Amino acid sequence: MPPTQATTPRKRLGTVTAEVVEAGTPERRSSTANREERRTAYLMLAPMVVLLGIFVIWPLVYAFKQSMYQGNFYKAPVFVGLSFYKYVLTDPGFYQSLKVGGYYAVIVVPGGMLIALLLASFIKTLGARMASFMKTTVYLPTVVSAVIASVLFRLIYADQGLANWLLGLVNLGPKNFLGNASMVIPAVAVPGIWLGLGITTLIMLAGLLDIPESYLESAQLDGAGFLQRTWYITLPLLKNVLLYLFVTGLVAAFQEFLLPLLIANGGPVNASTTPNLYIFNQFRSATPYAMTFSITASLVLFIVLGTISALVFRLIRSEKAVDA
Amino acid sequence: MVRSRRSLAAKWVLLVLIALSMLMPLAWMALCGFKRDLDVLKTPFAVLPQVWEWHNYTAMLHDRQYMTAVGLTMLGAVIFTGLSIAVNALAAYAFARLEFPYKRVLWVLCIMPMFVPAMSILITSFVVVSKLHMLNTLAVLIIPGVASAAQMFFMRQFFLGMPTAVEDAARIDGCSRWRIFLKIFVPNSGAVFVVVGIISYMAYWNAYVWPILTISNPTLQQIMPVLANFLDDRGPQYGQLMAASTLAALPTIVLLLVFQRHIVAGVRLSGIK
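These figures come from a predicted structure and were not determined experimentally. (Residues numbered from 1 in each chain as written. Chains lettered and ligands numbered in written order. Predicted model: local features only at pLDDT ≥ 70, side-chain atom pairs only at ≥ 80, totals over all residues. Heavy atoms only, no water.)

Draft legend 1. A look at the environment of B:T252. Residues and elements named next belong to chain B. Here T252 is to be found in helix α15 (residues 238–258). Residue class for T252 comes out buried when judged on its relative accessible area of 2%. For the pair T252 and L138, spaced 114 residues apart in sequence, the C-alpha to C-alpha distance is 21 Å. (Helix = DSSP H or I, 4+ residues; strand = E, 2+ residues; numbered from the N terminus. Buried < 20%, exposed > 50% of the residue type's maximum accessible area, 1.4 Å probe, protein only.)

Rendered as structure tokens:
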């Protein structure tokens with residue numbers, strides 16, 4: 001399913017570095033062998049290229065084309081240039097959704113990274129068996145679907161649900177998590193963090209394990225405590241991993257829309273309508289040109305988020321090149 | 001000695017606390033599956049069911065609509081996973097080992113989808129599949145997601161790291177590229193196939209948005225839409241809802257537990273380092 005694969009913040013397979021294809025060894029072979037190899041290569045690539053062409057490239061090109069035409073099912077489309085882009089960029093609802101998305105991302109990403117860092121630091125100190133138990137435990141929520149998490153957290157946040165019971169234990173009164181505009185985004189962020197924690201923790205753990213133990217030991221001999229070691233040694237050495245997690249996390253969190261849709265239905269009064277949820281709702285609404293509007297808005301997001309992450313990753317790569 | 005024993009005890013306490021808080025939502029879900037509808041949300045709050053009610057679970061296991069959705073989604077997920085491993089592994093092998101004209105161009109084309117957010121092609125993908133008359137078929141759920149840039153990239157990284165000695169010997173003996181792929185690469189890629197396979201399975205099993213857009217035929221319902229509409233369709237049957245959700249979460253959890261080592265290693269491989 002292409003539309004679901006990237007919407008969940010949990011799927012961060014693959015690095016975002018467009019790698020240069022190795023030139024390979026330029027052996028001289030007979031031309032028939034070469035032709036044979038070429039044919040094999042194209043045959044092997046054919047299914048992939050055809051499928052991506054039909055289900056990714058075509059929709060993408062079509063989206064860009066569609067965003068510049070005004071039309072519907074009854075009339076021939078009229079070329080309107082960039083007017084829909086202007087329409088999107090002056091729409092207060094769109095800006096409101098950007099704010100909501102930003103608020104959500106600013107809670108989920110730093111919050112999730114902090115918890116993941118603590119968890120990874122803890123797992124690093126454990127023996128092999130405890131560590132493997134811990135890794136599986138932390139990873140477990142990752143395989144649960146956003147739909148199940150939403151169904152579950154709706155009940156957890158109910159008036160007589162688990163969350164209010166826990167608050168009651170520390171003598172905090174019952175709260176209306178989902179009916180309160182100032183509380184709904186933090187409430188939705190909790191399952192967001194919970195679902196994403198596994199991958200973040202494991203990537204961070206891998207980064208931690210790469211730090212030479214001798215650095216930390218000599219700091220410890222000099223009397224540095226855990227916080228000092230973390231601040232002065234671990235975090236600077238983890239910089240690239242942290243930056244990667246931060247940027248991919250922000251981009252993914254900013255696009256989250258299943259949790260707010262299914263937990264709070266974007267409400268109350270749009271307080272949890274994230275950008276993609278806004279786009280999705282526009283698409284489903286019956287207003288004229290809703291489809292073109294939502295296509296254009298999604299392209300605007302794509303261009304902005306894509307540019308930001310490309311810039312940041314160029315930065316990481318150029319620094320790596322300097323290091324090497 | 002005393003100190004290390006004390007720190008070990010502290011670690012155990014911390015470990016149990018973390019595990020409890022990570023798993024509490026899921027545990028609560030499974031427990032609520034054993035409660036009567038009225039007992040799920042009530043004051044005073046009780047974590048454990050007062051009466052252990054197996055009925056919710058057995059009812060879901062005998063529920064025609066629910067079990068059809070489970071079966072169909074499982075069938076789709078298995079086909080999806082197999083196709084996706086085949087298509088992506090073939091392309092990954094070609095990019096890792098073969099030389100051919102326009103390799104760079106094709107590489108960029110195949111890797112670019114990784115950067116395209118799902119939302120920006122969601123609507124037009126829907127238009128495309130409806131133009132292809134694919135709506136309300138199992139094919140529309142399976143085919144569009146089979147080719148995956150990220151998975152192809154991941155497998156190519158793995159293939160690039162495989163030693164070339166056996167392969168070179170086979171080449172000298174006149175083995176074709178297809179034979180090398182099938183007899184040398186495929187048998188040695190079990191671990192990586194497990195990782196990408198589970199990711200594919202999960203992506204299909206957990207899908208929600210694409211199925212609700214493309215499937216309106218009730219006999220082709222997928223499991224996640226059924227769960228999301230559960231309360232609207234059936235009224236406030238919280239106990240059954242929690243039982244249904246627990247059962248629907250089980251396949252991916254079981255996969256994780258069975259293949260935990262591969263998955264943990266896979267996450268390490270896929271992240272940047």
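Draft legend 2. View of the interface of chain A and chain B. Listed as interface residues are 102 residues of chain A and, on the opposing side, 113 residues of chain B. Buried area between chain A and chain B, summed over both chains or domains, comes out near 10200 Å², and the portion from carbon and sulfur atoms is 81%. Two residues, A:E37 and B:R171, come together in a salt bridge whose shortest N-O distance is 3.9 Å. There are nine residue pairs in polar contact (both at pLDDT 80 or more) connecting chain A and chain B. It is helix α2 (residues 31–66) of chain A that contributes the most residues to the side of chain A that touches chain B, 22 residues altogether. Within the side of chain A that touches chain B, the residues separate by chemical class into 71 nonpolar, 21 polar and ten charged. (Contact = heavy atoms within 4.5 Å. Buried area = accessible area lost by both parts, 1.4 Å probe. Salt bridge = Lys/Arg side-chain N within 4 Å of Asp/Glu carboxyl O. Polar contact = N/O pair within 3.5 Å; in protein donor to acceptor, adjacent residues only side chain to side chain. Nonpolar A, V, L, I, M, F, W, Y, C, P; charged D, E, K, R; others polar.)

Draft legend 3. Structural detail: the side chain of B:Q240. Residues and elements named next belong to chain B. Here Q240 is to be found in helix α15. According to the relative accessible area criterion, Q240 is buried, its value standing at 13%. Residues within four places of Q240 in sequence aside, it is in contact with D37, H55, N56, A59, M60, F230 and R234.

Draft legend 4. Structural view of helix α5 (residues 128–139) of chain A. Counted at 1.5 Å a residue, the expected span for α5(A) with its twelve residues is 16 Å, and the 16 Å between its end C-alpha atoms agrees. Where α5(A) is concerned, the buried positions are A:M130, A:A131, A:M134, A:T136, A:T137, A:V138 and A:Y139. (Expected span 1.5 Å × (residues − 1).)

Draft legend 5. Structural detail: the packing of aromatic side chains. By the definition in use, this model includes 24 aromatic pairs over all chains. Ring centres of B:F95 and B:F100 lie 6.2 Å apart, and the angle between their planes is 50°; on these two criteria the pair is classed as tilted. Assessed through its relative accessible area of 1%, B:F95 is described here as buried. With a relative accessible area of 7%, B:F100 lands in the buried category. An aromatic cluster is defined as three or more aromatic residues linked by ring pairs; in this entry it consists of A:Y42, B:F95, B:F100, B:W107 and B:F153. (Phe/Tyr/Trp six-rings, centres within 6.5 Å; stacked < 30°, edge-to-face > 60°.)

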